[in-house]
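Listed below, chain by chain, are the residues.
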Amino acid sequence: MLENKVVELLNRQVNKELYSAYLYLDFSNFYYDQGLEGFGNWYRIQAQEERDHAMLFVQYLQNNGEKVVLETIDKPQVALTCSKTVLEEGLKHERYVTELIHTIYDAAYTVKDFRTMQFLDWFVKEQGEEETNAEGLVKKYELFGDDPKSLYMLDSELGARTYSAPSLSL
Ligand code: FEO
């Protein structure tokens, strides 16, 4: 059994990760509509990763005999105005998710829930990587986004991203 507060936050994170998947699917669709299929591919894979994250939280709750409570997933709340803005919103969202993970960690730490802390360690590292990736995309777009040939090459680079399952298994 886990503490109620920790269970509540873990359940909330299932919803937040599914929202992230929904948000990034929206980003992906935006880029496909723009003809930037590489960016579209990159965010479609990102959406798959977010769904994986949600499933890891589901599995962790179930492994500990806790009930999973699914709530409504919000409509994506980011205005898709231009390619660069979307990337910046992606970075902002990852920083927000990092805060959420830290909040759960803090709750687990408070009640000496070492098992949950160990489970969350993977997410702490993952968030570091996700923020770095999102920052990299913004920087690259700032450097190359205004030049059609460079943008084409960047789009091709992002189009080469392939999905791989998370390195964490429960
Ligand atoms: Fe699951 Fe990108 O945080």
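Just above, that's the structure.
Residues numbered from 1 in each chain as written. Predicted model: local features only at pLDDT ≥ 70, side-chain atom pairs only at ≥ 80, totals over all residues. Heavy atoms only, no water.

1. Digging into the nonpolar core
No. 1: Within the largest apolar cluster, 22 residues are counted, with the highest numbers of intra-cluster contacts made by Phe27, Tyr31, Phe39, Tyr43 and Leu87.
No. 2: Contributions of two or more residues to this core are made by helix H1 (4-34), helix H2 (37-63), helix H3 (83-110), helix H4 (114-144) and helix H5 (148-159).
No. 3: The element best represented in this core is H1, accounting for six residues.
No. 4: Among all residues touching Tyr31, those that are not within four sequence positions of it are Leu36, Glu37, Phe39, Gly40, Tyr43, Ser83, Val86 and Leu87.
No. 5: Within the second largest apolar cluster, 20 residues are counted, among which are Phe57, Leu61, Ile104 and Ala107. (Core = buried A, V, L, I, M, F, W, Y, C linked by side-chain atoms within 4.5 Å. Buried < 20%, exposed > 50% of the residue type's maximum accessible area, 1.4 Å probe, protein only. Helix = DSSP H or I, 4+ residues; strand = E, 2+ residues; numbered from the N terminus. Contact = heavy atoms within 4.5 Å.)

2. Observations regarding unusual backbone geometry
No. 1: One non-glycine residue with positive phi stands out, namely Lys112, at about 55°.
No. 2: Note that Lys112 resides in the loop between H3 and H4.

3. Regarding the packing of aromatic side chains
No. 1: On inspection of all chains with the given rule, the structure shows 13 aromatic pairs.
No. 2: Aromatic pair Trp42 and Tyr43: ring centres 5.1 Å apart, planes at 75°, arrangement edge-to-face. In this structure, Trp42 and Tyr43 share a single accessibility class: buried.
No. 3: Centre to centre, the rings of Trp122 and Phe123 are 4.9 Å apart; their planes meet at 85°, and the pair counts as edge-to-face.
No. 4: An aromatic cluster of at least three residues, connected via ring pairs, comprises Tyr24, Phe27, Phe30, Tyr31, Phe39, Trp42, Tyr43 and Tyr141.
No. 5: Directly above the ring of Trp42 sits Arg161, whose terminal nitrogen or CZ lies 4.3 Å from the centroid. (Phe/Tyr/Trp six-rings, centres within 6.5 Å; stacked < 30°, edge-to-face > 60°. Lys NZ or Arg CZ within 6 Å of the ring centre and 35° of its normal.)

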